[in-house]
Amino acid sequence: MTVLRYQKTEITKYLACACSPGITIGFTLLVLGIIWFNNDPIPACNPPLAFPPLVSYLWNKCMILSIVLTLMAYSAALVVLNVATRRLRSLPSTNPKYVIFKVQQKVTKSCAVIILAFLLTWCFCHVSMYFVSILGFSAEVLDVYKTLMVIPGMLCYAQNYYIYFGTSITYREAFIYQMRAVLRCRLRACIQKNNSVLATRNCVQTISERS
């Protein structure tokens, strides 16, 4: 629902729906990791290797389940958007609903790009780790592969920003506004800091001259 109605949903409800699954799974895995904690050395500090073996196995299965649910949600959103777009495609450009058609076209494009990027990063990461783990490779090979698969997994964390920045005017304007606000804030803080340093330096110079 949040995929389709993110602009009409209250921000509190939207954040609760979007964050609660990850928080629940993360907290559960954290508790299980504490329960089955061991002190074995690990070659790299990342989730597949830092977890105890059983927790790492459960983590991978939870991630695959989340991948399936995410793909189902995005696929449903894509189907709904395509159906709605086809209904409005035949409208003349003078029709007020034609604007909705153009917006839905862009949203459909963004959704398709996100699905493709998701398949190439997060989905590939976890599904490939699952299949590699059942092929009977040695523990050393599995550790190296899991370490390398962190790279596409990490790419997934930031990909939505770049996708929305490139495909959505609404998000691009919001991101630019945020960046300008951050830069103004940093610049203002920097100027205030420099002014304070300059005032202190002038005060010290004045005291030195008078003494």
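Every chain's residues receive numbers from 1 upward, in the order its sequence appears when written. The model is predicted, so local features are restricted to residues of pLDDT at least 70 and side-chain atom pairs to those at 80 or more, both for listing and for counting; the totals for chains, interfaces and linings are taken over all residues. Hydrogens and water are ignored here; the side-chain numbers use all heavy atoms of the structure.

Peer 1: Got a minute to help me understand the overall build of the protein in this structure?
Peer 2: Helix numbers and strand numbers start at the N terminus; a helix is a DSSP run of H or I with at least 4 residues, a strand a run of E with at least 2. Looking only at helices and strands, one finds 7 helices and 0 strands in the protein. Burial classes follow relative accessibility: with a 1.4 Å probe on protein chains only, a residue under 20% of its type's maximum area counts as buried, one over 50% as exposed, and anything between as partly exposed. A burial count over the protein gives 24% of its 211 residues as buried. Contacts between residues were defined by any pair of non-hydrogen atoms, one from each residue, lying within 4.5 Å. Considering only intrachain contacts with a sequence separation of at least 6, the fraction spanning at least 24 residues in the protein is 61%. Here the open area of atoms and residues is found with the Shrake-Rupley method and a 1.4 Å probe, where only the protein chains shown may cover a residue. Of the roughly 15000 Å² of accessible surface on the protein, 68% is carried by carbon and sulfur atoms.

Peer 1: What is the right way to read the packing of aromatic side chains from this model?
Peer 2: Within a pair of aromatic rings, the relevant descriptors are the distance that separates the centres and the angle that separates the planes. For this analysis, a ring pair means two rings from Phe, Tyr or Trp (six-membered ring only for Trp) whose centres lie within 6.5 Å, classed as stacked if their planes differ by under 30 degrees, edge-to-face if by over 60, and tilted for the remaining angles. Counted according to the given criterion, the structure contains 6 aromatic pairs. Aromatic pair tyrosine 130 and phenylalanine 131: ring centres 5.4 Å apart, planes at 70 degrees, arrangement edge-to-face. Under the relative-accessibility criterion, tyrosine 130 is labelled partly exposed at 27%. Taken together through their ring pairs, the aromatic side chains of Tyr161, Tyr162, Phe165 and Phe175 make up a single cluster.

Peer 1: What is the right way to look at the side chain of serine 128 in this model?
Peer 2: Of note, serine 128 is situated in helix H4 (residues 97-133). Since its relative accessible area comes to 11%, serine 128 is described here as buried. Setting aside chain neighbours within four positions, we find serine 128 in contact with Cys123, Tyr145 and Met149.

Peer 1: Help me out: how do you make sense of helix H6 (residues 150-167) in this one?
Peer 2: Working note: α-helix, 3.6 residues per turn, so residues spaced by three or four point in the same direction. With 18 residues, H6 extends 26 Å from end C-alpha to end C-alpha; this agrees with the ideal 26 Å at 1.5 Å per step. Bend angle per residue: angle between axes fitted to the 7 residues ending at that residue and the 7 residues starting there. Of all bends in H6, the biggest is about 45 degrees, found at alanine 158. The set of residues buried in H6 consists of Pro152, Gly153, Cys156, Gln159, Ile163, Tyr164 and Thr167. Here the expected span of a helix is defined as 1.5 Å times the quantity of residues minus one.

Peer 1: Sorry if this is basic, but what is going on with the UniProt feature "transmembrane region" (unreviewed entry) in the protein here?
Peer 2: UniProt positions are given in the numbering used here, feature names are shortened, and annotations may be inferred rather than shown by experiment. Summarizing the sequence annotation, UniProt attributes the feature "transmembrane region" (unreviewed entry) to residues 12-37, 57-81, 111-132 and 144-164 in the numbering used throughout. Taken end to end, residues 111-132 comprises 100% helix and 0% strand; its first and last C-alpha atoms sit 30 Å apart.

Peer 1: So what exactly am I meant to see when it comes to the nonpolar core here?
Peer 2: Here is a general trend for soluble globular proteins: nonpolar side chains tend to be buried in one another's company. Here, nonpolar core means buried Ala, Val, Leu, Ile, Met, Phe, Trp, Tyr and Cys residues that are tied together by side-chain atoms lying within 4.5 Å of each other. Core analysis: the biggest nonpolar cluster contains 13 residues, and Trp59, Ile67, Phe118, Trp122 and Met129 have the highest contact counts within it. Breaking this core down by element, the ones donating at least two residues are helix H1 (11-35), helix H3 (53-89) and H4. The greatest single-element share of this core, amounting to 5 residues, is contributed by H4. Not counting residues up to four positions away in its chain, the partners in contact with isoleucine 67 are Phe118, Trp122, Cys123 and His126. Membership of the second largest hydrophobic core comes to 11 residues, among which are Tyr74, Ile114, Ala117 and Phe175.

Peer 1: Which parts of the structure should I look at to understand a nonpolar patch on the surface?
Peer 2: Nonpolar side chains (Val, Leu, Ile, Met, Phe, Trp, Tyr) within 5 Å and like charges within 9 Å form the patches, drawn only from residues with over 30% relative accessible area and no salt bridge. Throughout this description, the term salt bridge denotes a Lys or Arg side-chain nitrogen within 4 Å of a carboxyl oxygen of Asp or Glu. On the surface, Phe27, Leu30, Val31, Ile34, Ile35, Trp36, Leu54 and Tyr57 cluster together into a nonpolar patch covering about 840 Å² of accessible area. Looking at the nonpolar patch, the elements that each hand over two or more residues are H1 and H3. Looking at the nonpolar patch element by element, the count peaks at 5 residues for H1. Of note, tryptophan 36 is situated in the loop between H1 and helix H2 (47-50).

Peer 1: What should I look at first to understand the packing of helix H5 (residues 139-148) against H6 in this one?
Peer 2: Between two packed helices, what matters for the description is the angle formed by their axes and the separation of those axes. Every axis corresponds to a line fitted to the C-alpha atoms, with the helix fit spanning only the stretch in contact, and the corresponding angles, defined between N-to-C directions, vary from 0 to 180 degrees. Here H5 crosses H6 at 25 degrees, and the two axes come no closer than 4 Å. With respect to each other, H5 and H6 are oriented roughly parallel. In this structure, H5 uses Lys146, Thr147 and Leu148 to contact H6, whose residues at the interface are Val150, Ile151 and Pro152. Its residues assigned to classes, the contact of H5 with H6 shows 4 nonpolar, 1 polar and 1 charged. Our angle categories are set so that under 35 degrees counts as roughly parallel, over 145 as roughly antiparallel, 65 to 115 as roughly perpendicular, and the remainder as oblique. When residues are sorted by character, Ala, Val, Leu, Ile, Met, Phe, Trp, Tyr, Cys and Pro go into the nonpolar class, Asp, Glu, Lys and Arg into the charged class, and all the rest, Gly among them, into the polar class.

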